[in-house]
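Report on the structure
Next come the chains, spelled out residue by residue.
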Amino acid sequence: MAEQSARELALLSLSACEKQGAWSDGFLKHALRDAGLEPRDAALCTQLCYGVLQHKLLLDWHIARVSSVPPDKLENKVLQSLRIGIYQMHFLTRVPHSAAVNESVKLARKYARNPRAAGLVNAVLRKISAEAETPVPSDPAIRYSHPKWLADTFTRLLGPEEAARLMQANHTPPPMTVQVNTCKTDAERLTEQLRSCAVTVTAHPWLRDCLLLSDTGNLERLPAFQNGAFYVQDAAARLAVLAAELAPGMRVLDACAAPGGKSFAAAIAMQNQGGILSCDIHPHKLTLIEAGARRLGLSAIRAELRSAKEFCPELEGAFDRVIADVPCSGLGIIRKKPDIRYKQPEPLENLPAVQSAILQNVARYVKPGGVLLYATCTLLPRENADVVQAFLAENRAFSAEGFTLPAPVGAQPSGMLTLWPHIHGTDGFFFAKLRRKTGRGS
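Below, the structure is looked at part by part.

About the criteria used
- Residues numbered from 1 in each chain as written.
- Predicted model: local features only at pLDDT ≥ 70, side-chain atom pairs only at ≥ 80, totals over all residues.
- Heavy atoms only, no water.
- Helix = DSSP H or I, 4+ residues; strand = E, 2+ residues; numbered from the N terminus.
- Rg over C-alpha atoms; globule rule 2.2 N^0.38 Å.
- Buried < 20%, exposed > 50% of the residue type's maximum accessible area, 1.4 Å probe, protein only.
- Contact = heavy atoms within 4.5 Å.
- Areas by Shrake-Rupley, 256 points an atom, 1.4 Å probe, with all protein chains shown as cover.
- Lys, Arg positive; Asp, Glu negative; His and termini not counted.
- Charge placed at Lys NZ, Arg CZ, Asp CG, Glu CD.
- Pairing = 2+ DSSP bridges.
- Axes fitted to C-alpha atoms, helices over the stretch in contact; angles between N-to-C directions.
- Parallel < 35°, antiparallel > 145°, perpendicular 65-115°, else oblique.
- Nonpolar A, V, L, I, M, F, W, Y, C, P; charged D, E, K, R; others polar.
- 1 Å grid on protein atoms, 1.4 Å probe; cavity = no way out; pocket = protein on both sides within 12 Å on 5 of 7 lines; lining within 4 Å.
- Points joined across faces, edges and corners; volume = space filled by probe spheres on them.
- Arc of directions from axis to C-beta.
- Polar contact = N/O pair within 3.5 Å; in protein donor to acceptor, adjacent residues only side chain to side chain.
- Phe/Tyr/Trp six-rings, centres within 6.5 Å; stacked < 30°, edge-to-face > 60°.
- Left-handed = near helix turned anticlockwise from the far one by under 90°.
- Right-handed = clockwise from strand over helix to strand, strands pointing away.

Description of the overall build of the protein
Of the regular secondary structure elements, the protein holds 18 helices and 14 strands. Its C-alpha atoms give the protein a radius of gyration of 24 Å, within 12% of the compact-globule value 22 Å for 442 residues. Across its three principal directions, the C-alpha atoms of the protein cover 75 × 50 × 40 Å. The buried share of the protein, reckoned over its 442 residues, is 54%. Within the protein, counting contacts between residues at least 6 apart in sequence, those at least 24 apart form 73% of the total. Accessible surface for the protein amounts to roughly 20100 Å². Of this, 51% is attributable to carbon and sulfur atoms. Side chains of the protein give 51 positive and 42 negative charges; the mean places of these two sets differ by 1 Å.

Regarding the sheet that holds strand β2 (residues 200-203)
With antiparallel pairing, the 4 strands of this open sheet are ordered in space as β2-β3-β1-β4. Edge positions in the sheet fall to β2 and β4 (230-232), since each of these pairs with one other strand and no more. Neighbour-to-neighbour, the strand axes of this sheet turn through a mean angle of 35°, independent of strand direction. Here 3 bridges tie strand β1 (residues 176-180) to β4, and the two strands are oriented antiparallel to one another. For Val180, the partnering residue across the bridge sits in β4 and is Phe230.

Describing the packing of helix α5 (residues 76-91) against helix α6 (residues 97-111)
Any two packed helices are characterised by the angle at which their axes cross and by the distance between the axes. The contact between α5 and α6 brings their axes to 9 Å, and the two run at 170°. In terms of their interaxial angle, α5 and α6 are classed as roughly antiparallel. Residues Lys77, Ser81, Ile84, Gly85, Gln88 and Met89 of α5 pack against His97, Ala100, Val101, Ser104, Leu107, Ala108 and Tyr111 of α6. Along the lines of polarity and charge, the residues of the contact of α5 with α6 split into 7 nonpolar, 5 polar and 1 charged.

Quick notes on empty space enclosed by the protein
Applying the stated criterion across every chain, the model contains 1 cavity of 30 Å³ or more. Of the pockets and cavities examined, the largest cavity occupies roughly 30 Å³. What lines the largest cavity is simply Leu253, Ala255, Cys279, Arg306, Ser307, Ala308, Leu315 and Tyr365. For the lining of the largest cavity, the residue count by class is 6 nonpolar, 1 polar and 1 charged.

Topic: helix α11 (residues 187-195)
Considered for burial, the residues of α11 that qualify are Leu190, Thr191 and Leu194. Projected onto a plane normal to the axis of α11, the buried residues spread over an arc of 105° and lie on a single side. Summarising the geometry of α11, the exposed residues directed more than 90 degrees from the buried face are Glu188 and Glu192. Here the buried face of α11 lies against β1, β2, β3 (210-214), α12 (223-226) and β4. The opening residue of α11, the one whose side-chain oxygen lies 3.2 Å from the backbone nitrogen of Glu188, is Asp186.

A closer look at unusual backbone geometry
Only a minority of non-glycine residues have a phi that is not negative, and only a minority of peptide bonds are not trans. The amide bond that connects Ala258 to the next residue, Pro259, takes the cis arrangement and shows omega of 5°. Among the structural elements, Pro259 can be located in the loop between β5 (251-254) and α14 (261-269). Residue Pro408 follows Ala407 across a cis peptide bond; omega there is 15°. Considering the arrangement of structural elements, one finds Pro408 in the loop between β11 (403-405) and β12 (410-412).

Examining the environment of Gly428
Assignment of secondary structure puts Gly428 in the loop between α18 (421-424) and β14 (429-436). For the pair Gly428 and Arg335, spaced 93 residues apart in sequence, the C-alpha separation works out to 9.3 Å.

A short note on the packing of aromatic side chains
All chains considered together, the criterion is met by 8 aromatic pairs. Judged by centre distance (5.3 Å) and plane angle (25°), the rings of Tyr87 and Phe91 are stacked. With Tyr87 and Phe91 both in helix α5, this residue pair falls 4 residues apart, about one helical turn. With a relative accessible area of 6%, Tyr87 lands in the buried category. Put simply, the rings of Phe403, Phe429 and Phe431 pair up and form one aromatic cluster.

As for the environment of Arg436
Take Arg436: it is sitting in strand β14. A relative accessible area of 16% means that Arg436 is categorised as buried. When the C-alpha positions of Arg436 and Glu188 are compared, they lie 38 Å apart, and in sequence the two are 248 residues distant. Reaching out from Arg436, the side chain makes a polar contact with the backbone oxygen of Val366 at a distance of 2.6 Å.

So, the packing of helix α16 (residues 351-362) against helix α17 (residues 385-394)
It is at 10 Å that the axes of α16 and α17 come closest, and there the two elements cross at 45°. When the axes of α16 and α17 are compared, the pair comes out oblique. Note on packing geometry: the crossing formed by α16 with α17 is right-handed. Residue-level contacts link Pro352, Gln355, Ser356, Leu359 and Gln360 of α16 to Val387, Phe391 and Glu394 of α17.

Digging into the pairing of strand β9 (residues 366-376)
A large share of β9 lies buried, amounting to 8 of its 11 residues. When strand β8 (residues 319-325) meets β9, the two strands line up parallel, connected through 6 bridges. Paired with Val322 across the bridge in β9 is Leu372. Note on the crossover from β8 through α16 to β9: the handedness is right-handed. When β9 meets β14, the two strands line up antiparallel, connected through 6 bridges. Paired with Tyr374 across the strands is Ala432, a residue of β14.

In structure tokens, the structure reads:
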């Protein structure tokens with residue numbers, strides 16, 4: 001393969017993701033590995049890819065303002081060249097405008113089918129570069145690059161002002177959030193160990209044994225990571241496990257376990273005493289769970305290939321706690337995966353049926369008196385409370401049970417909670433605590 005620059009690889013990755021519908025994180029990881037870029041160039045390529053994806057609708061708005069050809073009529077690689085150029089001018093202060101323009105023109109000259117494309121790229125970028133002030137669109141959906149259907153959905157749920165705050169929060173990179181493995185260390189000792197490696201560490205403002213990190217470099221090279229002193233997990237997922245009220249000696253099923261964070265949190269809450277069966281339908285994901293459990297020293301976890309939709313008679317009524325973090329639209333983790341926002345709504349319509357089928361199946365594995373925890377990383381009621389309410393209407397042996405979490409979340413008497421990025425500073429997340437009754441018919 002001919003040597004590629006950071007900008008060139010970003011262009012090709014963005015173009016492939018848009019044309020093929022590939023997810024940016026997986027595609028970019030493979031592209032960077034194959035290209036063999038130096039670390040600094042790989043970092044620039046990554047920043048360009050994620051930055052363009054994060055701001056795509058805003059970048060296209062700028063193109064439409066000054067281009068003689070609208071964005072949807074441009075060749076894909078020409079459009080990506082413009083997006084990369086505008087992103088650098090507006091968001092990368094260390095890149096001179098002249099370099100952003102010249103490099104994008106080079107990309108258009110090399111990859112465009114139309115020989116006039118380089119001239120168009122040059123003209124558009126120079127017009128934008130010459131502007132004394134950067135115009136800002138009044139529409140928050142454009143300003144924060146949320147497709148109309150998604151912005152309209154959030155507005156119906158929250159009203160225009162709060163929806164704008166949510167979209168702004170979705171546009172803000174989240175902190176690196178990690179949980180302390182209290183089976184091996186404590187927050188104070190881990191903080192000292194990380195700071196000795198020049199990592200910036202801040203205690204989470206309201207969740208115990210949770211740290212916010214920056215300046216980590218390659219996280220996996222840190223001795224504390226290699227020794228299993230912590231694992232990466234957002235506060236929202238940890239809160240869901242707290243709501244399940246786990247105790248040493250319990251038997252727990254994590255029905256859709258990959259990549260394993262809730263299994264790890266459960267094992268730590270149980271002081272690594274008891275048994276956790278962590279299931280997934282993908283063998284390579286089971287390997288990740290097993291590797292994580294070994295690194296953390298959590299022998300209570302056993303990974304197993306199993307579909308959460310298929311009934312297994314030997315598991316019936318066998319678990320004190322069943323965690324069902326079901327497949328969902330993922331619209332609560334836009335901060336981490338910017339391309340999730342560009343999903344088309346139609347393929348998402350069948351998700352509640354899938355979620356309901358999983359919930360109905362794994363409910364059979366809960367002991368009388370046990371707890372079923374339903375969770376998603378989305379914010380859409382049709383995948384959250386609507387699924388739970390429909391389940392409860394059909395399954396009288398279960399009822400929602402209130403729980404209390406650390407302030408500012410506090411008491412949740414309904415037994416259901418939605419966490420919002422703009423309110424709680426966490427991933428967007430939903431979970432419900434459902435208790436199986438102990439009487440006849442349970």
